[in-house]
Amino acid sequence: VTIANSGSRDNPMGFCAKGHVSDMRAAVVSTLATRDLRLALRNLGVDASAAQAASVLSRYDADGSGTLDFAEFASLATDLAKVLRPAGHVPDSPAPRGVSTPATVDLSTGSAPWRLARTCGKFAAGPAPTTQGHPAWCKTAGASWLGDTAWPPGDATFELRFDIASPEAAELELPYSVDNAIQSVLLNGRTLSFGSGRGSFKTFGGGMLIRAPAGQGLFAPGENVLQVTIANSG
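For clarity, every value in this text was computed on a predicted model and none was experimentally measured.

Here is what the cut-offs are and how they apply
Residues numbered from 1 in each chain as written. Predicted model: local features only at pLDDT ≥ 70, side-chain atom pairs only at ≥ 80, totals over all residues. Heavy atoms only, no water. Helix = DSSP H or I, 4+ residues; strand = E, 2+ residues; numbered from the N terminus. Buried < 20%, exposed > 50% of the residue type's maximum accessible area, 1.4 Å probe, protein only. Contact = heavy atoms within 4.5 Å. Phe/Tyr/Trp six-rings, centres within 6.5 Å; stacked < 30°, edge-to-face > 60°.

(A) Representation of the environment of Gly-222. By the secondary structure assignment, Gly-222 is in strand 14 (residues 222-232). Gly-222 gets classed as partly exposed once you look at its relative accessible area, which sits at 28%. For Gly-222 and Ser-166, which are 56 residues apart along the polypeptide, the C-alpha to C-alpha distance reads 8.6 Å. Not counting the four nearest positions on each side in its chain, Gly-222 is found in contact with Phe-162, Asp-163 and Ile-164.

(B) Structural view of the environment of Ser-58. Locating Ser-58 in the fold gives a position in helix 2 (residues 50-60). On the basis of relative accessibility, which here comes to 56%, the residue Ser-58 falls in the exposed class. Sequence separation between Ser-58 and Leu-68 is ten residues, and the spatial gap between their C-alpha atoms is 9.0 Å.

(C) Structural context of the packing of aromatic side chains. Applying the stated rule across the entire model yields five aromatic pairs. A ring pair is formed by Phe-15 and Trp-114, whose centres lie 5.9 Å apart and whose planes are at 70°; its orientation type is edge-to-face. Linking Phe-15 in strand 2 (residues 11-17) with Trp-114 in the loop between strand 4 (103-106) and strand 5 (115-116), this pair joins segments that are 99 residues apart in sequence. Residue classification places Phe-15 among the buried residues on the basis of a relative accessible area of 0%. With 6.1 Å between their ring centres and 65° between their planes, Trp-151 and Phe-158 make a pair best called edge-to-face. The same class applies to Trp-151 as to Phe-158, namely buried. Through successive ring pairs, a cluster of aromatic residues spans Phe-15, Trp-114 and Tyr-176.

This is the structure we're talking about:
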């Protein structure tokens, strides 16, 4: 996060964000349509026709999405186990091969290892300073404000490094609040959208959202670097 602070005196500067990046390693099978469900049922010892699989999907599709997510499939597998395990037809592991929940990486300020890239006045480069914040700043459970109520004039750069195993399927959503306004957001040097960029620091999220959609080549295997540039006019 790079923050431009052009004030002529110390003044409040802050950035608060709460969100995560999802590494959807099992994106193809983390939601199951009828064809996938037939394969999953076969792994559980049940040879179902397309019509039977469609009927099962309809019964366990609690949210009406037309597919079974991991929780919905787990409910189906549990019910099948009750019926079939006594007869020895269900394997010990009820989940089909390849099914897993998405891995997530917490990006929230105050818990993720955000860093101040270079020294700004009394604030040394290293772990990003957190603050109780200005009385007017919003309070968000699970996230802290980076910055200070008396930040020196000049730019500040906050950055966050995190690892991704499956970059082709990863996606990022990071709602935020800011004093004063975001100038730009970069992920591995590429520009991300960040919504309105200028919103009331009394509110959180809404139009203020940093996004990196899946399938656009934004993520790298292994280490990724997120940087946000914030203009602080004092």
